[in-house]
Amino acid sequence: MKIFLAGGAGYIGCHTALQLLNNGYEVVIADNFSNSCPEAVKRVEALTGKKIALYEIDVQDGAKVKEVFAQEQPDAVIHFAGLKAVGESVQQPIRYYRNNINTTLSLLEAMEATGVKKIIFSSSATVYGEENPSPYKENMPKGSCTNPYGWTKSMMEQIFQDVALTDPELSIVILRYFNPIGAHESGEIGEDPKGIPNNLMPYITQTAVGIREKLTVFGDDYDTPDGTCQRDYIHVMDLADGHVKAVEYLNREQGIDIINLGTGTPYSVLELVNAFQKVNDMKVNYVIGTRRAGDLPVCYADASKAARVLGWKAKRGLEDMCRDSWNWQRKNPQGYRK
Ligand code: NAD
Ligand code: UFG
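What this report covers is the structure whose coordinates are included nearby. This one's a predicted model, so the numbers in the text were calculated from it and none came from an experiment. (Residues numbered from 1 in each chain as written. Chains lettered and ligands numbered in written order. Predicted model: local features only at pLDDT ≥ 70, side-chain atom pairs only at ≥ 80, totals over all residues. Heavy atoms only, no water.)

Things to note about the overall build of the protein chain
Helix and strand counts for the protein chain come out as 11 helices and 14 strands. Over its C-alpha atoms the protein chain spans a radius of gyration of 19 Å, differing by no more than 12% from the 20 Å that the globule rule assigns to 338 residues. Taken over 338 residues, the protein chain has a buried fraction of 56%. Across the protein chain, contacts joining residues at least 24 apart in sequence account for 79% of those joining residues at least 6 apart. (Helix = DSSP H or I, 4+ residues; strand = E, 2+ residues; numbered from the N terminus. Rg over C-alpha atoms; globule rule 2.2 N^0.38 Å. Buried < 20%, exposed > 50% of the residue type's maximum accessible area, 1.4 Å probe, protein only. Contact = heavy atoms within 4.5 Å.)

Some details on the pattern of salt bridges
Once the charged atoms of two side chains with opposite charge are near each other, the side chains can pair. Under the defined criterion, the tally for this structure stands at 21 salt bridges. Notably, a salt bridge pairs Lys64 with Asp61, separated by 3.4 Å at the nearest N-O pair. A residue is classified by how much of its surface remains accessible, and Asp61, at 28% relative accessible area, is partly exposed. Linking Arg231 and Asp295 is a salt bridge whose minimum nitrogen-to-oxygen distance equals 3.9 Å. Here Arg231 is found in strand β9 (residues 230-231), whereas its partner Asp295 is found in the loop between β13 (286-289) and β14 (298-299), with 64 residues between them in sequence. (Salt bridge = Lys/Arg side-chain N within 4 Å of Asp/Glu carboxyl O.)

A short note on the site of ligand 2
Close to ligand 2 lie 21 residues; Asn199, Thr216, Arg231, Arg292 and Asp295 are nearest. Take Arg292: an N or O atom from its side chain is 2.8 Å from an oxygen atom of ligand 2. For ligand 2, the accessible surface in isolation is 690 Å², of which the surrounding protein chains cover 89%. Of the residues belonging to the shell around ligand 2, the class tally is 12 nonpolar, 6 polar and 3 charged. (Near = heavy atom within 4 Å. Polar contact = N/O pair within 3.5 Å; in protein donor to acceptor, adjacent residues only side chain to side chain. Areas by Shrake-Rupley, 256 points an atom, 1.4 Å probe, with all protein chains shown as cover. Nonpolar A, V, L, I, M, F, W, Y, C, P; charged D, E, K, R; others polar.)

Some remarks on the sheet that holds β14
Taking strand neighbours across the sheet as the criterion, the 3 strands line up as β12-β9-β14 in an open arrangement whose pairing is mixed. Sheet topology places β12 (267-268) and β14 at the edges, where each strand pairs with a single neighbour. (Pairing = 2+ DSSP bridges.)

Quick look at the environment of Val44
With respect to the helices and strands, Val44 occurs in helix α2 (residues 38-48). Between the C-alpha atom of Val44 and that of Asn274, which follows or precedes it by 230 residues, the distance is 31 Å. Apart from the residues within four sequence positions on either side, Val44 is in contact with Cys14, Ala17, Leu18, Leu21, Ile52 and Ile189.

Things to note about the site of ligand 1
Around ligand 1, a shell composed of 29 residues is seen, among which Ile12, Asp31, Asn35, Ser36 and Lys84 lie nearest. At 3.1 Å, a backbone N or O of Ser34 approaches an oxygen atom of ligand 1. Residue Asn35 places a side-chain N or O atom 2.7 Å away from an oxygen atom belonging to ligand 1. Calculation on ligand 1 without its partners gives an accessible area of 820 Å², and the protein chains cover 95% of this total. Of all the secondary-structure elements, those providing two or more residues to the shell around ligand 1 are α1 (11-22), α5 (93-114), β5 (118-124) and α6 (148-164). Considering each element in turn, the shell around ligand 1 owes the most residues, 3 residues, to β5. Class assignment for the residues of the shell around ligand 1 results in 12 nonpolar, 13 polar and 4 charged.

What about α6?
With 17 residues, α6 extends 24 Å from end C-alpha to end C-alpha; this agrees with the ideal 24 Å at 1.5 Å per step. Along α6, the residues classified as buried are Pro148, Tyr149, Gly150, Thr152, Lys153, Ser154, Met156, Glu157, Ile159, Phe160 and Ala164. Along its buried surface, α6 packs onto α4 (86-91), α5, β5, β6 (171-177) and β11 (255-261). Two or three places before Tyr149, at the opening of α6, Asn147 has a side-chain oxygen 3.2 Å from that residue's backbone nitrogen. (Expected span 1.5 Å × (residues − 1).)

Quick notes on the packing of helix α9 (residues 269-280) against helix α11 (residues 318-331)
At a minimum axis separation of 9 Å, α9 and α11 run at an interaxial angle of 65°. By the criterion of interaxial angle, the relationship of α9 to α11 is roughly perpendicular. Crossing of α9 over α11 shows right-handed handedness. Residue-level contacts link Glu271, Leu272, Ala275, Phe276, Val279 and Asn280 of α9 to Leu318, Glu319, Cys322, Arg323 and Trp326 of α11. Classifying every residue of the contact of α9 with α11 by side-chain character gives 7 nonpolar, 1 polar and 3 charged. (Axes fitted to C-alpha atoms, helices over the stretch in contact; angles between N-to-C directions. Parallel < 35°, antiparallel > 145°, perpendicular 65-115°, else oblique. Left-handed = near helix turned anticlockwise from the far one by under 90°.)

Some thoughts on unusual backbone geometry
What is expected of a backbone is that most residues other than glycine have negative phi and most peptide bonds are trans. Ser134 connects to Pro135 through a cis peptide bond whose omega is 0°. Relative to the helices and strands, Pro135 is located in the loop between β5 and α6. The phi dihedral of Phe33 falls on the positive side, at around 60°, and the residue is not glycine. Positionally, Phe33 belongs in the loop between β2 (26-31) and α2.

A few points about the nonpolar core
Counting residues in hydrophobic clusters, the biggest one holds 43 residues, and the most contacted among them are Leu5 and Leu20. At 8 residues, the largest contribution of residues to this core is made by helix α8 (residues 236-252). Apart from residues no more than four positions distant in its own chain, Leu5 is found in contact with Gly13, Ala17, Leu20, Val27, Val28, Ile29, Ala30, Ile78 and Phe80. With 27 residues, the next largest nonpolar core counts Phe4, Ala6, Ile159 and Ile258 among its residues. (Core = buried A, V, L, I, M, F, W, Y, C linked by side-chain atoms within 4.5 Å.)

Here it is in structure tokens:
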């Protein structure tokens, strides 16, 4: 079975490509490298000993996507291609709506034109909004998002819901990711943010390796056990395995379904920093700062649906996440740029 990964050169995409190849699937990647590079794909090929058909295209370009579909004849699509920086989306909302919505529409049009019926979509816990209490369950009504990035995810989910009604043969899985961190245990592939990281783990590893002077913990006066925000951190290799299970599910069921990919266990910012220091036996310079606008105090999954319908559960713990994130950063201080 051949899977087309839109945005497959990125952080989650390349780990998923690796696990798909390890499970006997063929992989095609289309990426414009706006937030990634071909080196990640080369390393996946080296780790697996298998070839990936790689197309440098903008997935917004429907004609090009159709050409690749005609050439490769994929059986299913995984849609990772999107812009994802929350703060940037507030500064550049038009670019975010344009890119994220257009990539989705051009993939759906290419599927319709070529008879591809199966797609997995990368959504986010952010669609639960502020109204819902954690643990988040898939049957809660979506909430209001605090930024344009989140709204693109919420809108794209609606597009998939509407399209699902038009063809009973379609099989669509919306995966709502929580906070992916970690890297493949080899340290050959991992998260390689451009510029100053927005997310906690790459900020910790860049501080540990000396690229950043110190981490700022955004607020310690939340109503949580240690005052810092709690998140559901999930190892990116567990997330990748979740996609392999979701592909199996696409083959079993038609219609549309929404599934959380999280561990169900929240950890605070300070718990993550302390676990990182302990498991890697090192100090991370940090200071307590003020709250970051838009942060929710607590965000974690009810992970029971993924166990029930996919037969998937996260296996790796916080220590694995901290060890593997550091292993990647230590071996690649400048990311993929040697
Ligand atoms: P990433 O930026 O590493 O990967 C996204 C990939 O899509 C990149 O390789 C980028 O170059 C590519 N891309 C973007 N626009 C494109 C376009 N128009 N045409 C072709 N390629 C394009 O991000 P990631 O962390 O791997 O995230 C993958 C998906 O999961 C994204 O949709 C993201 O919004 C979603 N998601 C991520 C997180 C997270 O914390 N990492 C959480 C929830 C959801
Ligand atoms: N944090 C710090 N210092 C930093 C960076 C982050 O203290 O330098 C804190 C944040 O305040 C938050 C926690 O670390 O409490 C996690 O922050 P991240 O930015 O790593 O992750 P978020 O939970 O804010 O957002 C992530 C993704 C979003 C996605 C959301 C829900 O970045 O795309 O999870 O899935 F929408």
